[in-house]
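Structural overview
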Amino acid sequence: MSPESKKLFNIIILGVAFMFMFTAFQTCGNVAQTVIRSLNSTDFHGSGYTSMAIIYGVFSASNLITPSVVAIVGPQLSMFASGLFYSMYIAVFIQPFTWSFYTASVFLGVAAAVLWTAQGNCLTINSDEHTIGRNSGIFWALLQSSLFFGNLYIYFAWQGKTQISESDRRTVFIALTVISLLGTVLFFLIRKPASENILGEDELSDDQDLEVSESPRNNLTKAVDAFKKSLKLCVTKEMLLLSITTAYTGLELTFFSGVYGTCIGAVNRFGAAEKSLIGLSGIFIGVGEILGGSLFGLLSKNNRFGRNPVVLLGTLVHFVAFYLIFLNMPADAPIAPLEGTDSSAYIQSSKEVAIFCSFLLGLGDSCFNTQLLSMLGFLYSEDSAPAFAVFKFVQSICAAVAFFYSNYLLLHWQLLLMVIFGFSGAVSFFAVEWEAAAIVARGSDYGSI
């Protein structure tokens, strides 16, 4: 297998492993609040929104140390260990207790930070400036395929149900736990890129022996260097500008992955189909994500206009979605009680409009995230782990804040916040892309940043 083929193979395996893991996790997140509302046990007093706020809060803090972890352990083992904690969190729903639910949320926050830093590092070392756009699109399309499979099951299994029984819950979460573990094991199929193997492929075992025999002092130096790079990157002009865009992706991630599904499930006007519509919504978010990731990955090689048109498209698509949701959903839908809401929207609530908005949310999200991944891999090819850690730090802290305020804010206030950050994030991304294009035109690179 040629070095380029091996790198492409690694990207595909990375995407498939994430697809399995997040088939389980994103389906879990999409239905968590609805499942919790239907729990009959009086001993359980957890909140799906609060759990997600804990996860993303710990996630954001942990990103400060994850470059050090990845530098010492390596991306492959880092992703495997993280996958085990994802599986543990999902398994908690088989027989949920409040203490285990929130404890698993804390562990998952740490694991998520390690996972996504290692993913960014793996994506970058298997790409170059010519393939980073393509590889980002391939990975994103495979990752977001996860939204399709799990939610397809939810749609058919929960069709016509207004309450989720204990048997339904256990069946779903046992299956999701197994699927997550399968994705975790796939990380062992990722091979070391030939370009990273200085001694050559025939001497791989000798190289590995050298790595194993590294002294603790060398590992400590690696960890400290990675931590220092993260702090330095935080205050560069490019990273500060991209942080505004990243903050927006955190807010809209919270909205489409947790809040919007809950809104749909709370609208009593949708009738007996309201719970199964949560699954259908997740499917169409996934369709939008897959379409965007595939399209922008294929077009990246021949895109003479850079990344800005894609981000502009994402901004417009999201604004249309927010406006339609504003008209179609009752304002109290995110915070409705177990019985749901009978409040009226500005128009008669339509299932078709609700599902169309799901597709738009997914398409817009893929526009932003594929271009952010491509930009970070291009700008910080030499410091990918610290750069992706800073990216996830900002995204996760904003997601945590959004999950927290989702317990209290009416729908129109949540939408207004996303419009403000979406516009600001698009403008800041344009500024960085224009500077990147200017530097490429001068024939220099970002290695000095």
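Cut-offs and rules
All chains use their own residue numbering, which begins from 1 and follows the written sequence. Local features in this predicted model are restricted to residues whose pLDDT is 70 or higher, and side-chain atom pairs enter the listing and the counts only when it is 80 or higher, whereas totals over whole chains, interfaces and linings include all residues. Hydrogens and water molecules were not included; the side-chain quantities draw on all heavy atoms of the structure. Numbering goes from the N terminus for both helices and strands, where a helix is a DSSP run of H or I of at least four residues and a strand is a run of E of at least two. Note that accessible areas follow from Shrake-Rupley with a 1.4 Å probe, and for residues the cover is restricted to the protein chains shown. The angle between two axes is taken between their N-to-C directions and runs from 0 to 180 degrees, where each axis is a line fitted to C-alpha atoms and a helix contributes only its stretch in contact. Roughly parallel here means an angle under 35 degrees, roughly antiparallel means over 145, roughly perpendicular means 65 to 115, and every remaining angle is called oblique. A crossing counts as left-handed when the near helix is turned anticlockwise from the far one by less than a right angle, and as right-handed when that turn is clockwise. Note on residue categories: nonpolar means Ala, Val, Leu, Ile, Met, Phe, Trp, Tyr, Cys or Pro, charged means Asp, Glu, Lys or Arg, and polar means any other residue, Gly included. To estimate the expected span of a helix, count its residues, drop one, and scale the result by 1.5 Å. For the exposure calls, accessible area comes from a 1.4 Å probe over protein chains only, and a residue counts as buried if that area is under 20% of its type's maximum, exposed if over 50%, partly exposed in between. Here a Phe, Tyr or Trp ring, Trp counted by its six-membered ring, pairs with any other such ring whose centre lies within 6.5 Å, and the pair is stacked when the planes are under 30 degrees apart, edge-to-face when over 60, and tilted otherwise. Distance and angle both matter: a charge sits over a ring if NZ of Lys or CZ of Arg is within 6 Å of the ring centre and within 35 degrees of the ring normal. pLDDT measures how confident the predictor is about each residue, on a scale from 0 to 100. Every residue pair with non-hydrogen atoms within 4.5 Å of one another is taken to be in contact.

A few words on the overall build of the protein. When helices and strands are tallied, the protein shows 16 helices and zero strands. Looking at the protein as shown, the accessible area adds up to about 18300 Å², and 67% of this sits on carbon and sulfur atoms.

Attention shifts here to the packing of helix α4 (residues 75-91) against helix α5 (residues 98-125). Interhelical geometry of α4 versus α5 gives an angle of 150° and a closest axis separation of 8 Å. Classified by the interaxial angle, the pair formed by α4 and α5 is roughly antiparallel. Here the hand of the crossing between α4 and α5 comes out left-handed. Looking at side-chain class alone, the contact of α4 with α5 contains 17 nonpolar, five polar and no charged residues.

Between the first and last C-alpha of helix α8 (residues 166-186) there are 31 Å, a value that for 21 residues agrees with the 30 Å anticipated at 1.5 Å per step. Among all positions in α8, only Asp168, Arg169, Val172, Phe173, Leu176, Thr177, Ser180, Gly183, Thr184 and Leu186 are buried.

This next bit is on the packing of aromatic side chains. Under the criterion given, the structure shown has 26 aromatic pairs. An angle of 75° between the planes, with centres 5.1 Å apart, marks the rings of Phe25 and Tyr86 as edge-to-face. Residue Phe25 is found in helix α1 (residues 3-37), and its partner Tyr86 is found in helix α4; the two are separated by 61 residues along the sequence. Classification of Tyr86 by relative accessible area gives buried; the value is 2%. With a centroid separation of 6.1 Å and an interplanar angle of 45°, the aromatic rings of Phe430 and Trp434 are classed as tilted. With Phe430 and Trp434 both in helix α16 (residues 411-442) and four residues apart, this pair spans about one turn of that helix. Site record: aromatic cluster; members linked through ring pairs are Phe18, Phe22, Phe25, Tyr86, Tyr89, Phe93, Phe101, Tyr102, Trp116, Phe139, Phe173 and Phe187. A cation over an aromatic ring shows up here: Arg191 above the ring of Phe9, its NZ or CZ 5.0 Å from the ring centre.

Our focus in this paragraph is the confidence of the model for the protein. Looking at the protein, the pLDDT average stands at 81 and 83% of residues meet or exceed 70. For the protein, per-element mean pLDDT is lowest for helix α9 (residues 204-212), which scores 41, and highest for helix α13 (residues 308-328), which scores 94. Note on residues 196-214: pLDDT is under 50 here. Beyond four places in sequence and across chains, it has 12 contacts. In the predicted structure, residues 444-449 sits below a pLDDT of 50 and forms 12 contacts with residues beyond four places in sequence or in another chain.

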